[in-house]
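Chains, contacts and geometry: an overview
In case you want the letters, here they are:
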Amino acid sequence: MENLEIWDKEYVWHPFTQMQQYRNEETPIIERGEGSYLFDTKGRKYLDGISSLWVTTHGHCCREINEAIQAQLNKISHSTLLGLANVPSILLAKKLVEITPQGLTKVFYSDSGATAVEIALKIAFQYWCQARGEENKEKQKFVYLDNSYHGDTVGSVSVGGIDLFHRLYKPLLFDGYKVPSPYCYRCPMGKEKGSCGMACLEPLEELLAARGREIASLIIEPLVQGAAGMITSPPGYLKRVREICTSYNVLMIADEVAVGFGRTGKMFACEEEGVSPDIMCLAKGITGGYLPLGATLTTDEIFEAFLGSHEEQKTFYHGHTYTGNPLAGAAALANLEIFDKKQVITGLQPKIELLTKGLATFYALPWVGEIRQKGMMIGIELVQNKAAKEPFPFALNIGHRVTLEARKRGLITRPLGNVIVLMPILSMSEEELTEVLDITYTSIKTVCADIVGKGLITG
Ligand SMILES: *Cc1c(COP(=O)(O)O)cnc(C)c1O
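Please read all numbers here as calculations on a predicted model, not as lab measurements.

1. Notes on the side chain of Thr298
- Examined against the element boundaries, Thr298 turns out to sit in strand 12 (residues 294–299).
- A distance of 3.1 Å separates the side chain of Thr298 from the backbone oxygen of Asp278, its partner in a polar contact.
- Other than its neighbours up to four places away in sequence, Thr298 contacts Gly103, Leu104, Thr105, Lys106, Asp278 and Ile279.

2. Re the sheet that holds strand 12
- Read from one edge of the open sheet, seven strands run 4-12-11-10-7-5-6, paired in mixed fashion. In this open sheet, the two edge strands, each paired with only one partner strand, are strand 4 (104–110) and strand 6 (176–179). Across this sheet, the average inter-strand angle for adjacent strands is 20 degrees, counted without regard to direction.
- Pairing geometry for strand 5 (residues 141–145) and strand 6, over four bridges, is parallel. Following the sheet pairing, Val143 is matched in strand 6 by Tyr177.
- Together, strand 5, strand 7 (215–220) and strand 10 (251–255) form the strand contacts of helix 10 (residues 237–247), whose direction differs from that of strand 7 by roughly 170 degrees.

3. Brief notes about helix 9 (residues 202–211)
- Taken together, the buried positions of helix 9 are Leu204, Leu207 and Leu208. Projected down its long axis, helix 9 shows its buried positions confined to an angular sector of 90 degrees, all on one face. Facing away from the buried side of helix 9, by more than 90 degrees, are the exposed residues Glu206, Ala209 and Ala210.
- Against strand 5, strand 6, strand 7 and helix 10 lie the buried residues of helix 9.

4. Quick look at the packing of aromatic side chains
- Tallied over the entire structure, the rule returns eight aromatic pairs.
- Each ring, one from Phe261 and one from Phe268, has its centre 5.2 Å from the other, and the planes form 70 degrees; the classification is edge-to-face.
- Seen in terms of ring centroids, Phe306 and Phe316 are 5.8 Å apart; in terms of plane orientation they differ by 80 degrees. Their pairing is edge-to-face. Of this pair, Phe306 sits in the loop between helix 11 (300–304) and helix 12 (326–341) while Phe316 is found in the loop between helix 11 and helix 12, placing the two residues ten residues apart along the sequence.

5. Some thoughts on the nonpolar core
- Leu96, Phe261, Leu282, Ile380, Leu382 and Ile444 are the most contacted members of the largest nonpolar core, which totals 63 residues.
- Split by domain, the residues of this core number at least three in each of domain 1 (4–58 + 344–453) and domain 2 (66–341).
- Sequence-distant contacts of Ile444, that is, excluding residues within four places in its chain, are made with Phe362, Leu365, Ile380, Leu382, Val402 and Ile420.
- Counting residues in hydrophobic clusters, the runner-up holds 39 residues, among them Cys200, Leu238, Ile244 and Val259.

6. Topic: the domain arrangement of the protein chain
- Domain boundaries assigned for the protein chain yield domain 1 (4–58 + 344–453) and domain 2 (66–341).
- Each of domain 1 and domain 2 has a C-alpha centre, and these two points are 27 Å apart.
- Listed per partner, the contact involves 35 residues of domain 1 and 33 residues of domain 2.
- Summed over both partners, the interface of domain 1 with domain 2 comes to about 2800 Å²; 63% of that surface belongs to carbon and sulfur atoms.
- Broken down residue by residue, the surface that domain 1 buries against domain 2 is led by Trp54, Lys374 and Met377, which jointly contribute 23%.
- Along the contact surface separating domain 1 from domain 2 lie three salt bridges.

Criteria and cut-off values
- In this numbering scheme, every chain counts its residues from 1 along its sequence in written order.
- A pLDDT threshold of at least 70 governs which residues receive local features in this predicted model, and a stricter bar of 80 or more applies before side-chain atom pairs are shown or counted, although totals over entire chains, interfaces and linings include all residues.
- Note that water and hydrogens are dropped before the side-chain values are worked out from all heavy atoms of the structure.
- Helix numbering and strand numbering both begin at the N terminus, where a helix is a DSSP run of H or I of at least 4 residues and a strand a DSSP run of E of at least 2.
- In the analysis that follows, any N or O atom pair within 3.5 Å is treated as a polar contact, provided that within protein one partner can donate a hydrogen and the other can accept it, and provided that, for residues neighboring in sequence, both atoms belong to side chains.
- In what follows, residue pairs with any heavy atoms lying within 4.5 Å of each other are defined as contacts.
- Pairing between strands requires that DSSP locate at least two bridges from one strand to the other.
- Axis geometry follows a simple rule: fit a line to the C-alpha atoms, using only the stretch in contact for helices, then measure angles between N-to-C directions, giving values from 0 to 180 degrees.
- Any residue under 20% of the maximum accessible area for its type is buried, any over 50% is exposed, and the rest in between are partly exposed; the area is computed with a 1.4 Å probe on protein chains only.
- Taken from the helix axis, the directions to the C-beta atoms give the arc we talk about.
- Ring pairs are drawn from Phe, Tyr and Trp, using the six-membered ring of Trp, whenever the two centres fall within 6.5 Å, and their geometry is named by plane angle: stacked under 30 degrees, edge-to-face over 60, tilted for the rest.
- Here, the term nonpolar core denotes a set of buried Ala, Val, Leu, Ile, Met, Phe, Trp, Tyr and Cys residues that are joined through side-chain atoms within 4.5 Å.
- For each domain, the first and last residues come from an automatic or database assignment.
- When two components associate, each loses some accessible surface as probed by a 1.4 Å sphere; the sum of these losses over both components is called the buried area.
- Each salt bridge in this description consists of a side-chain nitrogen of Lys or Arg and a carboxyl oxygen of Asp or Glu lying within 4 Å of one another.

Take a look at the structure:
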């Protein structure tokens, strides 16, 4: 067992991790999970405050999902969807069509959020190539939001708006049009929240009015820009985006990879504003946090543009080897059954209110600039000076320091820059949620006070 620590540092290259720093830190090695808790090889116990990177829905080692996977394991683990069918992929597609917004009727599977997005982009592009009408032949470009995140493959990065992650790869990427993000705390239009009339939508409308002829699609994370630091959009924003896309004949892709499956308090974020996208991307919570699975849903109208005889070559020439994996399908079906049986979405309301109430007390800390919450998704933006909204210096790595402090106190989190993220497991009890908040509060306070004490900032 001792060797695991050495071998981890010797052989494993961790994602989104500065390995020089990582190699000098002691990191828990997770061995098992149970409900809301993770246990490491040293027997230490942690609350999973980020649902193991936003995926776990009904807890770790959930009996029903375990049993569903075991039952499927005894039948078959994998068979291809290229020209063949399998049982779980059919049942799951039917179920997804039933529960997602109206109009989405076809399901294309893959194995991650990034692949679900790649597929959405390629479908949107090919749709216009094959759709009737000469006036649509130039529709090849994509519109994305500043601060957006849609995954790490080259296509997804091309529609990504987070400079720190994406800027370097610019020479590799296809061009698109970037429009402002609804980041009200630091409004890109220099307006005040509430009295702005959603001025950040004007550049979008102007762009589509001027260049709609060359724009295939807009891609958006509905309600919450997750990876950017849980940037929550104002009420009505998403609906307005849908209306603008419709008026200029631009397809709307809703990337619900993070927000889907209950995270915002609704099953899907689009429901909140009665929006039906033309294409929807799902992953993360789809299997309850058990197995990699992505799904891209679309409408009959789009699907039909791909129909034709063999020699017309309108086929969607795309697929991944593990597309429609039966084990992942069985896990997803069991996950969705629990949502129904335990009325999970209804049960979230008191938990969301408890979080809102608890979080309000965080403003007492002089370093808490803004708390953003949509349902079970929370971002706490730390600043060194509240009045000036002055960010902590990048070099201080404040989010990481808070993470290490929380870990000592029995909570796993993962920050996004200076934003402390909480994404509790949907099944967490009110007591566990209270503990998540308490540890987070104390950790922020301890770390920031220490930094001030050492004279690293003036605030
Ligand atoms: C995580 C995420 C992705 C990428 O999903 P992967 O499974 O990591 O490829 C895409 N879009 C959004 C909004 C995400 O949060």
